[in-house]
Amino acid sequence: MELKSFQNISKQECTTASAAIMVSADQKWESGKTLAEKGDFGGATSLAIVSLEEQIKALLLLVDGQGFQFRKVKGMQAFFQNHSIRYIIAYYIFVMAVFGEDLFRFIYRMRDNPELMKEMVSLYQIDKEAMYKKMGRYIMRKIIQLSNEMEWFSRIDLFRQDGFYSDYDRELKTPVIINKHNYIETMERLLRVHFAANE
């Protein structure tokens, strides 16, 4: 008899597991906020990252519970066994959130100033090249921003470890050196993924 794992549970079990894991992820998120209120920014950062990992796991199970078959794709078991690989999905959710925020800002600007849309359409009709240049500048800014964010997300597992453990790497590293600024910087990124994953 084959042992049950995330790889071979039924669709119904995926749905049940997803809900339970999401509750656990939310508890870790809230516990992290409580630690931050008490000044333990290292522990708070680590719990926020662990919460994010659990959300990713829950999302994968949720979609398979709805009939997708991601778990059958070769190599997908790594998403359930490896911390770092879940951060790839977190990064992609972050990217979608960044573009979603920009889209909503654009929509609200158009709603609040309908003349702006007319100006944009007029600019496009009169000078397509100027419009393309404007779009090109936006895309270049996003490429730079998202490249920097990719670098940050590639180090997120180190941030998780730094918040939980002490080490000596050329100098003493302890969770207490993670300050409020470091925590806020991390949370600004993770909030986008957290809220997108909860929707």
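Note that the structure is a prediction, hence the values are computed from the model and not measured.

Draft legend 1. Geometry of unusual backbone geometry. The residue Arg 170 is not glycine, and still its phi comes out positive at about 70°. Tracing the backbone through its elements, the reader meets Arg 170 in the loop between strand 1 (167-168) and strand 2 (172-173). Under the relative-accessibility criterion, Arg 170 is labelled exposed at 81%.

Draft legend 2. How the structure looks around the pattern of salt bridges. Scanning the model with the defined rule gives 16 salt bridges in all. Here Glu 53 and Arg 160 are joined by a salt bridge, their closest N and O atoms 3.5 Å apart. Note that Glu 53 is positioned in helix 2 (residues 41-65) and Arg 160 in helix 7 (residues 156-164), a separation of 107 residues in sequence. With respect to burial, Glu 53 and Arg 160 carry one shared label: buried.

Draft legend 3. Structural context of the packing of helix 4 (residues 83-112) against helix 7. Packing of helix 4 against helix 7 leaves a shortest axis separation of 9 Å and a crossing angle of 120°. In terms of orientation, helix 4 and helix 7 fall into the oblique class. Note on element contacts: helix 7 touches helix 4 through Ile 156, Asp 157 and Arg 160, opposite His 83, Ser 84 and Tyr 87. Split by residue class, the contact of helix 4 with helix 7 holds two nonpolar, two polar and two charged.

The rules behind each value
- Residues numbered from 1 in each chain as written.
- Predicted model: local features only at pLDDT ≥ 70, side-chain atom pairs only at ≥ 80, totals over all residues.
- Heavy atoms only, no water.
- Helix = DSSP H or I, 4+ residues; strand = E, 2+ residues; numbered from the N terminus.
- Buried < 20%, exposed > 50% of the residue type's maximum accessible area, 1.4 Å probe, protein only.
- Salt bridge = Lys/Arg side-chain N within 4 Å of Asp/Glu carboxyl O.
- Axes fitted to C-alpha atoms, helices over the stretch in contact; angles between N-to-C directions.
- Parallel < 35°, antiparallel > 145°, perpendicular 65-115°, else oblique.
- Contact = heavy atoms within 4.5 Å.
- Nonpolar A, V, L, I, M, F, W, Y, C, P; charged D, E, K, R; others polar.

Such coordinate-based values are descriptive only and should not be taken to indicate function.
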